[in-house]
Structures are given as C-alpha cells and as structure tokens.
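# Analysis of the macromolecular model
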Amino acid sequence: MATPRFDSDIRPLFRERDRTDMEFAFDLWSYDDVREHAEGIYDRLDDGSMPCDGEWPAERLALLRAWIDGGCPQW
C-alpha cells in the first residue's frame, strides 16, 4: 500500500462540520495544522472523543495512522 497523502487521502476524511467544530484549535483542512497536531488528532479519533457525532471506522483510523507513520506527506 502506498503512503497516503494529505491532499488526496487525509483532508477528504474531515467534513466541513469537523472543520468548523475544531476551528477554535486548528484547521482540519490545513496541511500544516494537521501535520503539527497529527498525533493529538489521532488520539482523539482513536478514543472516540472526536468527532462529536460518532467514532471513525477502523479503516479511516488506519489510513490516518499510515499517513502519520509515513512522514505526513502532503502530495
């Protein structure tokens, strides 16, 4: 499996609602913001405290983990 990329694989995982809910802390559609907070975002998604309307499926979490472990490439 190729390393996921932010623009094509990770950014689309975050809905407009997710972005709006988290704007007070960072922008989920911003590569720099998500890269900077990647581990914290992953931890919140993994423990189910984000997003507020339901847990992410395991495939989405695995995709985010693969992106982080792959060095957080943008393109």
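Counting of residues starts from 1 at the beginning of each chain's written sequence and follows it residue by residue. Restriction of local features to residues with pLDDT of at least 70 applies here, the model being predicted, together with a cutoff of 80 or more for giving and counting side-chain atom pairs; totals for whole chains, interfaces and linings are based on all residues. Heavy atoms throughout the structure, all of them, feed into the side-chain values; hydrogens and water do not.

## Topic: the environment of Leu45
Using the following cut-off: Only runs of H or I of at least four residues qualify as helices and only runs of E of at least two qualify as strands under DSSP, and these elements are numbered from the N terminus. In what follows, a contact means two residues having at least one pair of non-hydrogen atoms within 4.5 Å.
Within the secondary structure, Leu45 sits in helix α4 (residues 38-46). The spacing of Leu45 and Pro73 is 28 residues in sequence and 20 Å in space, taken between C-alpha atoms. Apart from residues lying up to four places away in sequence, Leu45 is in contact with Phe14, Met50, Pro51, Trp56, Leu61 and Leu64.

## Observations concerning the packing of aromatic side chains
Where we set the bar: Each Phe, Tyr or Trp ring, with Trp reduced to its six-membered ring, pairs with another whose centre is within 6.5 Å; inter-plane angles below 30 degrees give stacked pairs, above 60 give edge-to-face pairs, and intermediate values give tilted ones. Exposure is judged per residue with a 1.4 Å probe applied to protein chains only, and the accessible area is read against the type maximum: over 50% gives exposed, under 20% gives buried, and values in between give partly exposed. Comment: the charge-over-ring label is applied if NZ (Lys) or CZ (Arg) is within 6 Å of the ring centre and within 35 degrees of the ring normal.
Using the criterion set out here, one finds four aromatic pairs in the structure. Here the aromatic rings of Phe6 and Tyr31 are separated by 5.6 Å at their centres, their planes lie at 70°, and the arrangement is edge-to-face. Pair noted here: Phe6 is in helix α1 (residues 6-10) and Tyr31 is in helix α3 (residues 31-36), with a separation of 25 residues, a long-range link. By relative accessible area, Phe6 is classed as buried at 1%. Seen in terms of ring centroids, Tyr31 and Trp67 are 6.4 Å apart; in terms of plane orientation they differ by 80°. Their pairing is edge-to-face. Here Trp67 lies in helix α5 (residues 58-69) and Tyr31 lies in helix α3, a separation of 36 residues in the sequence. Taking the relative accessible area as the measure of exposure, Tyr31 reaches 13% and is therefore buried. For Trp67, a relative accessible area of 0% gives the class buried. Connected via pairs of aromatic rings, a cluster forms that spans Phe6, Tyr31 and Trp67. Positioned above the aromatic ring of Trp29 is the side chain of Arg11, whose terminal nitrogen or guanidinium carbon lies 3.8 Å from the ring centre.

In short, shape yes, function no, at least from these values alone.
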